[in-house]
Amino acid sequence: MGSGTQTVKDSNIVEMTGKAAALLFTLLALPWLLPAESAGQAVSNAMLVYGQYGNYYPQYRLWTGSAWSDPTNALSAGNADINYVVVKACPVRDEYVAVTLNNNREVRAQIWRDGEWGSEQVIATVANSANRGVDVAYESLSGEAVVVSADGDADPTCYVWDGDAWSGPGTVNLSRTGTARWIKLAADPTSDELIMMAMDQNRYYTAQVWDGSNAWGNELLCYGRAVNVGYESMDVKYETSGNQGVIVNNCGTANNGLFNWCAWNGSAWSSQVSNNVLGDYMRFGRLENDPNSDNMLLAYLDNDSDIGKVFWNGSAFGAYTELETSGRSAVERCVYGIFENIAAHAGHALVCYGDTTRGRSRHAANPSSATWQAEVNAATGNYVVQACRTGDGKILGMWFAGPANTYYFSWHNGSSWSAEQVIENSSSVRSSPYKEPFMIAPQLCRRPVSLYNVGSTGRWDTVVAWATNSGGPGRRGIPASDINVFFDANSVSNCALTKPAAVNSINTIGYTNTLSIGTNTLGVAGNLVHGGGIITIGSSA
């Protein structure tokens, strides 16, 4: 090839005027039929991230719908064993964020996308690594991830991931003065709003609302106090409709099982209701919403190791029901409630728990009632229990046998639990309380078949520039070797590669601006249909 710049303008012919970059594509004069976007098919995948003793790199596995991949290292969690893991899936692109808290009190966050981890950010140093003083939630519409962490004082630290880079630190200014110890976050399913709850070293609870525009406010000083700062004893969750976000917290004392709740309706908090009764005070509680209604389930562990549930009907909590009176431990979260969504089980619920022998569950077709089916065996682990629901309705359960240093896994198909699988027999936490050094996050957004350029940044390698439909909202991903790329009339600016890239195909019909390859390599495995705008290749002589 000669020297100079290569230009392609409004045709399917490349006119070479000089030294071209290594542009690897095939030009075809005829359009082609692209694969249809996946529609109506449930997302069945998930990610598991967990700690391994003596390995300061979190391990992760991918669930394919029926089996786990082999374990692989993520990025470093710092120079200490992992006490807590939080992992969440992005609702608008195929991406996960994992946050770790290690035994040296250091909090780090990292991003998984296109099959690899990157963009690691040191977040904060908490006051006490025995408390999970960090959480993360994705905004439901923008796909931005918000990490809130205790940092050794009364006002937690906040970082935001916008899909391309971290911004922060910001501060959540709380009016209470005790050092923050526990943090929980919940995302509104219908907006970019979040609610944060914090418990401080003086055992007070405080909630604030994130407006989706980098501002915290609408503080709620929750009624009551925790009995012991070592137990989380609070949670927050939005109803599936997004109509209300509900907070719960202990407000009882020994032999007094009261808990408090309050609801946020998008503009104001309701009156606090603090006369709700449990058998004893709540040490750990977990709220889960029903995907088919505004019902929710509070599954709890109380002071004398009773495991129970309380049902939320969209306006209030009902009476409590004790499902097990011999929970494995009063100092670990050995209970997790979850609604089913598999065929013929919509609205049903499972409460998964550990008793003094093993991991078990109980099922109810009507979880508001006091009548639940008899317990069934689920797994060997019984000290720490977690569960999540994938898009195809499977319930994935993690069961930590603390003294055996082993994480077990099993899944529920709506009728029974699978055979258990040993995930790891060298857990990163070796003594009680066993904390939560693992988490599963169900995939929320299927990997796109096609991406449409809509960005005004002028850059190829930014999520803001790409949508899954012409003119749609950005932040849906960055083109990769398996993705078809479109530039059309809704591609509002020039676009330039800043590093090598690869795609499955490119179509520029209707485009009126310039795609600049520069001296980068753009690999196109399939076809390029050039029907508008200008493609420039190489650098000027």
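About the criteria used
Residues numbered from 1 in each chain as written. Predicted model: local features only at pLDDT ≥ 70, side-chain atom pairs only at ≥ 80, totals over all residues. Heavy atoms only, no water. Helix = DSSP H or I, 4+ residues; strand = E, 2+ residues; numbered from the N terminus. Buried < 20%, exposed > 50% of the residue type's maximum accessible area, 1.4 Å probe, protein only. Contact = heavy atoms within 4.5 Å. Phe/Tyr/Trp six-rings, centres within 6.5 Å; stacked < 30°, edge-to-face > 60°. Salt bridge = Lys/Arg side-chain N within 4 Å of Asp/Glu carboxyl O. Pairing = 2+ DSSP bridges. Axes fitted to C-alpha atoms, helices over the stretch in contact; angles between N-to-C directions. Polar contact = N/O pair within 3.5 Å; in protein donor to acceptor, adjacent residues only side chain to side chain. Lys, Arg positive; Asp, Glu negative; His and termini not counted. Core = buried A, V, L, I, M, F, W, Y, C linked by side-chain atoms within 4.5 Å. Disulfide = S-S within 2.5 Å.

Visitor: Tell me about the overall build of the chain, and please be specific about residues and values.
Guide: Summing up its helical and strand segments, the chain has zero helices and 45 strands in all. By its C-alpha atoms, the chain is 85 × 50 × 45 Å across when sized along the principal axes. Per-residue burial for the chain yields a buried fraction of 59% across its 541 residues. For the chain, restricting intrachain contacts to residue pairs at least 6 apart in sequence, the fraction spanning at least 24 positions comes to 50%.

Visitor: Got a sec to walk through the packing of aromatic side chains? Specific residues and values, please.
Guide: In this structure the tally under the stated criterion is 26 aromatic pairs. Taking 6.2 Å as the distance between ring centres and 65 degrees as the angle between the ring planes, the aromatic pair formed by Trp 261 and Phe 317 counts as edge-to-face. With Trp 261 in strand 21 (residues 257-264) and Phe 317 in the loop between strand 25 (307-312) and strand 26 (321-324), this pair connects stretches of sequence that are 56 residues apart. Like Phe 317, Trp 261 is buried. For the pair Tyr 452 and Phe 486, a centre-to-centre distance of 4.6 Å together with 10 degrees between the ring planes defines the contact as stacked. Taken together, the positions of Tyr 452 in strand 36 (residues 450-453) and Phe 486 in strand 38 (residues 484-486) put the pair 34 residues apart, joining distant regions of the chain. In terms of burial, Tyr 452 and Phe 486 fall into one category: buried. Three or more aromatic residues joined by ring pairs form one cluster here, namely Tyr 50, Tyr 383, Phe 400, Tyr 407, Tyr 434 and Phe 438.

Visitor: Report on the pattern of salt bridges, specifying residues and quantitative values.
Guide: As enumerated under the stated definition, the model contains 20 salt bridges in all. With a shortest N-O distance of 2.3 Å, Arg 360 and Asp 355 are connected by a salt bridge. We classify Arg 360 as buried; its relative accessible area is 12%. Asp 355 sits in the buried class, given a relative accessible area of 6%. A single network of salt bridges, built from pairs that share partners, joins Lys 184, Glu 232, Asp 235, Arg 333 and Glu 436.

Visitor: Break down the sheet that holds strand 5 (residues 55-63) for me, citing the residues and quoting the values.
Guide: Reading across the sheet, the four strands line up as 6-5-4-35 and stay open at both edges, with antiparallel pairing between neighbours. A strand with exactly one partner marks an edge of an open sheet, and here the two such strands are strand 6 (72-73) and strand 35 (438-442). Here strand 4 (residues 46-52) pairs with strand 35 via five bridges, running antiparallel. Note that in strand 35 the partner of Val 49 across the bridge is Met 439.

Visitor: Before we move on, can you summarise the sheet that holds strand 8 (residues 95-102) with the specific residues and values?
Guide: If you trace the four strands from one edge of the open sheet to the other, you get 7-8-9-10, paired in antiparallel fashion. Each end of this open sheet is capped by a strand with a single partner; those strands are strand 7 (82-89) and strand 10 (116-125). Taken over all neighbouring pairs, the strand axes of this sheet differ in orientation by 20 degrees on average, direction set aside. As paired elements, strand 7 and strand 8 share seven bridges and run antiparallel to each other. Following the sheet pairing, Ala 89 is matched in strand 8 by Tyr 96.

Visitor: So what about the side chain of Lys 435? Which residues, and what values?
Guide: Within the secondary structure layout, Lys 435 lies in the loop between strand 34 (421-424) and strand 35. Here Pro 433 takes part through its backbone oxygen, which lies 3.1 Å from a polar atom of the side chain of Lys 435. If sequence neighbours within four positions are ignored, Lys 435 has contacts with Asn 83, Tyr 84, Ser 129, Ala 130, Val 384 and Val 429.

Visitor: An account of the side chain of Lys 309 is requested, with residue identities and associated values reported.
Guide: Counting through the fold element by element, Lys 309 comes out in strand 25. Put simply, Lys 309 is tucked away with no salt bridge, and the nearest opposite charge, on Glu 322, sits 12 Å away. Here Pro 367 takes part through its backbone oxygen, which lies 2.9 Å from a polar atom of the side chain of Lys 309.

Visitor: Requested: an account of the pairing of strand 17 (residues 204-210), with residues and values cited.
Guide: Of all seven residues in strand 17, six are buried; the element is thus mostly enclosed. Across six bridges, strand 16 (residues 194-200) lies against strand 17 in antiparallel orientation. Bridge pairing in strand 17 links Leu 194 to Trp 210. Here strand 16 hands over to strand 17 after three residues, with Arg 203 in that stretch at a positive phi of 75 degrees. Of the strand pairs in this sheet, strand 17 and strand 18 (residues 216-225) are connected by five bridges, and their pairing is antiparallel. Residue Thr 206 lies in a different strand from strand 18, and its bridge partner there is Leu 221. Here strand 17 folds back onto strand 18, and the loop between the two strands holds five residues, one of which, Gly 212, carries a positive phi near 85 degrees.

Visitor: Explain the nonpolar core residue by residue, including any values.
Guide: Grouped together as the largest cluster of nonpolar side chains are 57 residues, with contacts concentrated most on Val 99, Ile 247 and Trp 269. At six residues, the largest contribution of residues to this core is made by strand 7. Setting aside chain neighbours within four positions, we find Val 99 in contact with Tyr 84, Val 85, Val 86, Val 107, Arg 108, Ala 109, Val 134, Val 136 and Val 147. Listed in part, the 21 residues of the second largest apolar core include Ala 465, Trp 466, Ala 480 and Leu 497.

Visitor: Mind laying out the state of the cysteines, listing which residues take part and the relevant values?
Guide: Across all of its chains, the model carries zero disulfides by this definition. Of the cysteine sulfurs around Cys 90, a residue in no disulfide, the closest is that of Cys 445, at 6.8 Å.

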